[in-house]
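# Overview (structure and organization)
In case you want the letters, here they are:
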Amino acid sequence: LAVYEDGYAKCFACEYFEYDNKAASSMDAPKPKKVIPMIDYKCGPIAKRKLSQEICEHYSIGAGEFHGETVVVYTYRDNNGSPIAQKLRFKNKKFLWVGDRSKVGFFGQHLYKGGKTVVITEGEFDAPSVAQALGKQWPCVSVPDGAGSAAKVCKEQLEWLSGFESIILFMDSDEPGQKAIKEIAELLPGKVKVAQYPAGFKDASDLLQADRANDIKTAYW
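Residue positions within a chain follow its written sequence, with the count starting from 1. Since the coordinates come from a predicted model, pLDDT governs what is reported: local features require at least 70, and pairs of side-chain atoms require 80 or more to be given and counted, while whole-chain, interface and lining totals use all residues. Water and hydrogen atoms play no part in the side-chain values, which are based on all heavy atoms of the structure.

## Description of the layout of surface pockets
Roughly 670 Å³ of volume is contained in the largest pocket. In terms of lining, the largest pocket is formed by 27 residues, of which the most central are Arg-89, Phe-95, Glu-122, Gly-146 and Asp-172. Split by residue class, the lining of the largest pocket holds 11 nonpolar, three polar and 13 charged. Grid points spaced at 1 Å and placed over the protein atoms alone form the basis of the search, with a cavity being a set where a 1.4 Å probe fits but cannot get out and a pocket an open set showing protein on both sides within 12 Å along at least five of seven lines. Lining residues have an atom within 4 Å of a point. Grid points are joined across faces, edges and corners, and a volume is the space filled by probe spheres set on the points. Lys, Arg, Asp and Glu make up the charged group, whereas Ala, Val, Leu, Ile, Met, Phe, Trp, Tyr, Cys and Pro make up the nonpolar group; the residues left over, Gly among them, are polar.

Right, here's the structure in full:
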């Protein structure tokens, strides 16, 4: 759920929109959102997620402080590597965008310019988890706002995706993740392959935390 200063909120998993009484009178006409400045942060490592310092620096993931609360910071960059927006993750698993959200593509997209395969994951912890398990040998990115944003960002970034021969989906094993797989496969016929997780695991980050990086490699191949 992204919550904005003007009282507007959107859940990117179920596509639910909400306004407070002062923000808007119509569900069909979102009012312009204020751009909140990006914050300073320090890159990992993130021990709980088993993510190394190297991989956190690679993806610009770190810890910062927002209004007195410690948050995880995912920094999104443009094709030149310049930061354009940040997604802040709070302890209660709520999220807040700062910077210019309108210009973001995939998380980590600026790192790669095409190749044989690209892995698309559902969360900002999943892309570096797969990349770390694969020794940073293959491009790995994440959709910006969960499964509900997957087809939309793929459509917006079709030109970039066309630079890869195959697209390997590491989406979550839950219902929204499986729905996203179907939507992306229909959008990119003939290019999509689907990685399967071992039973009992929801995503790549879960596997890495369980010291099962080899299962991520197996899923990839």
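## With respect to the nonpolar core
By nonpolar core we mean a set of buried residues, namely Ala, Val, Leu, Ile, Met, Phe, Trp, Tyr and Cys, connected to one another through side-chain atoms within 4.5 Å. Throughout, exposure labels follow a simple rule: accessible area from a 1.4 Å probe, protein chains only, divided by the maximum for the residue type, with under 20% read as buried, over 50% as exposed, and the rest as partly exposed. Of all hydrophobic cores here, the largest spans 57 residues; its most connected members are Tyr-59, Phe-106, Ile-120, Leu-161 and Phe-170. What counts as a helix is a DSSP run of H or I of at least four residues, what counts as a strand is a run of E of at least two, and both are numbered from the N terminus. By residue number, the principal contributor to this core is strand β11 (residues 164-170), which donates five residues. Whether two residues are in contact is decided by their heavy atoms, any of which lying within 4.5 Å being enough. Not counting chain neighbours up to four residues away, the residues in contact with Leu-161 comprise Phe-106, Val-118, Ile-120, Cys-154, Ile-167, Leu-188 and Lys-191. Counting nine residues, the second-largest nonpolar core is a separate cluster that includes Phe-66, Val-71, Leu-88 and Phe-90.

## Quick notes on the packing of aromatic side chains
Aromatic ring pairs are reported here in terms of the distance separating the ring centres and the angle at which the planes meet. Think of it this way: a Phe, Tyr or Trp ring, Trp meaning its six-membered ring, pairs with another when their centres are within 6.5 Å, and the plane angle makes it stacked under 30 degrees, edge-to-face over 60, tilted otherwise. The tally for this structure, following the rule as stated, stands at 12 aromatic pairs. When the ring of Phe-66 is compared with that of Phe-90, the centres are 6.2 Å apart and the planes differ by 80 degrees; the resulting orientation is edge-to-face. Of the two residues, Phe-66 is situated in strand β5 (residues 61-66) and Phe-90 in the loop between β7 (83-89) and β8 (95-99); the sequence distance between them amounts to 24 residues. A centroid spacing of 5.0 Å and a plane angle of 55 degrees characterise the contact between Tyr-76 and Phe-107, whose relative ring orientation is tilted. With a gap of 31 residues between them, Tyr-76 in strand β6 (residues 69-77) and Phe-107 in the loop between β8 and β9 (115-121) connect regions that are remote in the sequence. As far as burial versus exposure is concerned, Tyr-76 and Phe-107 are alike and both buried. Within the aromatic cluster, the residues linked to one another by ring pairs are Tyr-59, Tyr-74, Tyr-76, Trp-97, Phe-107 and Phe-125. When the ring centre of Phe-95 is taken as origin, the NZ or CZ atom of Lys-87, which lies over that ring, is 4.7 Å away. Two limits define a charge over a ring: the Lys NZ or Arg CZ must be within 6 Å of the ring centre, and within 35 degrees of the ring normal.

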